[in-house]
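Here's the letter readout for the chains.
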Amino acid sequence: MQDSGRPYLLMPSGSYRLTMQQRPRRNRSTAAIRAMARETDLGVHNLILPLFVQEGEGESTPIASMPGQARLSIDLMVKHCEAVAEAGVPGIALFPALPDDQKDTHGTHSTDPSNVNLRAVRAIKAAVPELLVITDVALDPYSSDGHDGVVVDGNIVNDESVEILAAMAVAQAEAGTDVVAPSDMMDGRIGAIRDALDAAGHEHVLINSYCAKYASAFYGPFREALDSEPRGGDKKTYQMDPANRREALRELRLDELEGADWVMVKPGMPYLDVIRDFRDNTTLPVTAYQVSGEFAMLKAAGANGWIDYDACLLESLTSFRRAGADLIFTYAALEAAALLQG
């Protein structure tokens, strides 16, 4: 007799025999079958490595809160980028760490062809032309106020900041960057940057918009790396409220209309729902950033033996892909590449 609604038969002996037609475990039974049934792939081609460049020669300054990461002088950066390309990682995202005497309220050094960021771009593209170089467009590395825009009477002013950001993007394009990445969250900056690039003859340069960049507590180690902590106030008037999800779609629509080529969600794992929203609402490539705090937590837990770092790293990156990210910015790109190819 069959116990109604249950996937088994009650035998005369009193034992049970399962009668299920659907057995999902069949698709998990061997490594080969699991590979064929796998819905989400993660490859080295999905990874971008963020790097920090500094002045000097032969200089490597470890970042205490980001184990294995360091600020590198240009000569060491070039050698490192050669290793990145050899590992198969397709691109880097470059962030400059400047001394205080190169910072002012309007970030004027950001467009100086002699600044360390633009010199590094030229050197990297000369040595490793096949490596994609992505450069950050924001004022905070160059600002004595530590904000992504110009501060006037305690307020971050939008339109004046956008004018500077557009000029910064053109300077980076002229140095040879492949992709400019506005991370500032000023209104209208994507359209202004696209117009400025095109007017200067840089129609080929892509814009990776930090489209939904949240005012997150996960950025702490990054700000240590660049010494870019705001000198006053916070970034909540321009970065997004972590509680907001629908607002991200408004930012997405605006940046698409203004000419973005890629759209980013930052941070990553705490915002997988937003990554999925982007994937479902745009045909543009979606990028995501496994930020410094996410990386630091994995490292700390792994170092303490609380997790298997390698396995958790790949699982976390796979979650980005499953949510819909095409490219993942991660400080663990070289480690992940070795695991994926190993």
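Calculation rules
Residues numbered from 1 in each chain as written. Predicted model: local features only at pLDDT ≥ 70, side-chain atom pairs only at ≥ 80, totals over all residues. Heavy atoms only, no water. Helix = DSSP H or I, 4+ residues; strand = E, 2+ residues; numbered from the N terminus. Polar contact = N/O pair within 3.5 Å; in protein donor to acceptor, adjacent residues only side chain to side chain. Contact = heavy atoms within 4.5 Å. Core = buried A, V, L, I, M, F, W, Y, C linked by side-chain atoms within 4.5 Å. Buried < 20%, exposed > 50% of the residue type's maximum accessible area, 1.4 Å probe, protein only. Salt bridge = Lys/Arg side-chain N within 4 Å of Asp/Glu carboxyl O. Axes fitted to C-alpha atoms, helices over the stretch in contact; angles between N-to-C directions. Parallel < 35°, antiparallel > 145°, perpendicular 65-115°, else oblique. Nonpolar A, V, L, I, M, F, W, Y, C, P; charged D, E, K, R; others polar. Pairing = 2+ DSSP bridges. Expected span 1.5 Å × (residues − 1). Phe/Tyr/Trp six-rings, centres within 6.5 Å; stacked < 30°, edge-to-face > 60°. Lys NZ or Arg CZ within 6 Å of the ring centre and 35° of its normal.

Tell me about the side chain of serine 161, residues and numbers included.
Here serine 161 is to be found in helix H4 (residues 158-175). Of note is the side chain of serine 161, whose polar atom sits 2.5 Å from the backbone oxygen of valine 157. Residues within four places of serine 161 in sequence aside, it is in contact with Gly149, Val150 and Met186.

Kindly report on the nonpolar core, identifying the contributing residues and their values.
In terms of nonpolar packing, the biggest core is built from 100 residues, with Ile92, Leu94, Ile124, Leu197, Phe278 and Tyr289 touching the most fellow members. Ranked by residues supplied to this core, first place goes to H4 with 10 residues.

An account of the pattern of salt bridges is needed here, citing residue identities and associated values.
With the rule as written, the count across this model stands at 16 salt bridges. Linking arginine 245 and aspartate 273 is a salt bridge whose minimum nitrogen-to-oxygen distance equals 3.9 Å. Residue arginine 245 is located in the loop between helix H6 (220-226) and helix H7 (246-258), and its partner aspartate 273 is located in helix H8 (residues 272-281); the two are separated by 28 residues in the primary sequence. A residue is classified by how much of its surface remains accessible, and arginine 245, at 42% relative accessible area, is partly exposed. Taking relative accessible area as the criterion, aspartate 273 reaches 33% and is therefore assigned partly exposed. Close ionic contact of arginine 279 with aspartate 326 constitutes a salt bridge, the shortest N to O distance being 2.7 Å. Pair noted here: arginine 279 is in helix H8 and aspartate 326 is in the loop between helix H10 (309-323) and strand E14 (327-330), with a separation of 47 residues, a long-range link.

Which residues make up the packing of helix H3 (residues 116-127) against H4, and what are the values?
Between H3 and H4, the shortest axis-to-axis distance is 8 Å and the interhelical angle comes to 30°. By the criterion of interaxial angle, the relationship of H3 to H4 is roughly parallel. Counting all contacts with H3, which are made through Asn117, Leu118, Val121 and Arg122, the residues of H4 involved are Ala171, Gln172 and Ala175. Of the residues assigned to the contact of H3 with H4, the class counts are four nonpolar, two polar and one charged.

Can you lay out the pairing of strand E5 (residues 70-73) for me, pointing to particular residues and giving the numbers?
Here E5 shows two buried faces, one formed by Ala70 and Leu72 and the other by Arg71 and Ser73. For strand E3 (residues 47-54) and E5, the ladder comprises three bridges, and the chain directions are parallel. Looking at E5, one finds that phenylalanine 52 is bridged to arginine 71. In this structure, strand E4 (residues 60-62) lies alongside E5, joined through three bridges in antiparallel fashion. Of the residues in E5, the one forming a bridge with threonine 61 is arginine 71.

An account of the environment of valine 152 is needed here, citing residue identities and associated values.
Mapping valine 152 onto the fold places it in strand E8 (residues 150-152). Of the residues examined, valine 152 reaches a relative accessible area of 34% and is grouped as partly exposed. When the C-alpha atoms of valine 152 and aspartate 136 are compared, they prove to be 23 Å apart, with 16 residues separating the residues in sequence. Contact partners of valine 152, with chain neighbours within four places excluded, come to Val157 and Glu160.

Go over the pairing of strand E10 (residues 179-182) with me, naming the residues and quoting the values.
In E10, alternate side chains face the same way, and those of Val179 and Ala181 on one face and Val180 and Pro182 on the other are all buried. Note: strand E7 (residues 132-137) against E10, four bridges, orientation parallel. Opposite threonine 135, over in E10, you have valine 180 as the bridge partner. Pairing analysis gives two bridges linking E10 to strand E11 (residues 206-213), with the strands arranged parallel.

Explain H3 to me, using residue names and the numbers behind them.
End to end, H3 covers 16 Å across 12 residues, agreeing with the expected 16 Å (1.5 Å per residue, within 8%). Listing the buried residues of H3 in full gives Val116, Asn117, Leu118, Ala120, Val121, Ile124 and Lys125. Of the surrounding secondary structure, the elements contacted by the buried residues of H3 are E3, helix H2 (74-86), strand E6 (91-97), E7 and H4.

An account of the packing of aromatic side chains is needed here, citing residue identities and associated values.
This model, assessed by the stated rule, comprises nine aromatic pairs. Between tyrosine 214 and tyrosine 271, the aromatic rings sit 4.2 Å apart at their centres with planes inclined by 20°, giving stacked as the arrangement. Taken as a pair, tyrosine 214 in the loop between E11 and H6 and tyrosine 271 in the loop between strand E12 (262-266) and H8 lie far apart in primary sequence, 57 residues in all. Comparing tyrosine 214 with tyrosine 271, the two get one shared label, buried. Here the guanidinium or amino end of lysine 266 rests over the ring plane of tyrosine 219, the centre of that ring lying 5.1 Å away. Here the basic side chain of lysine 299 rests over the ring of tyrosine 309, its NZ or CZ set 4.4 Å away from the ring centre.

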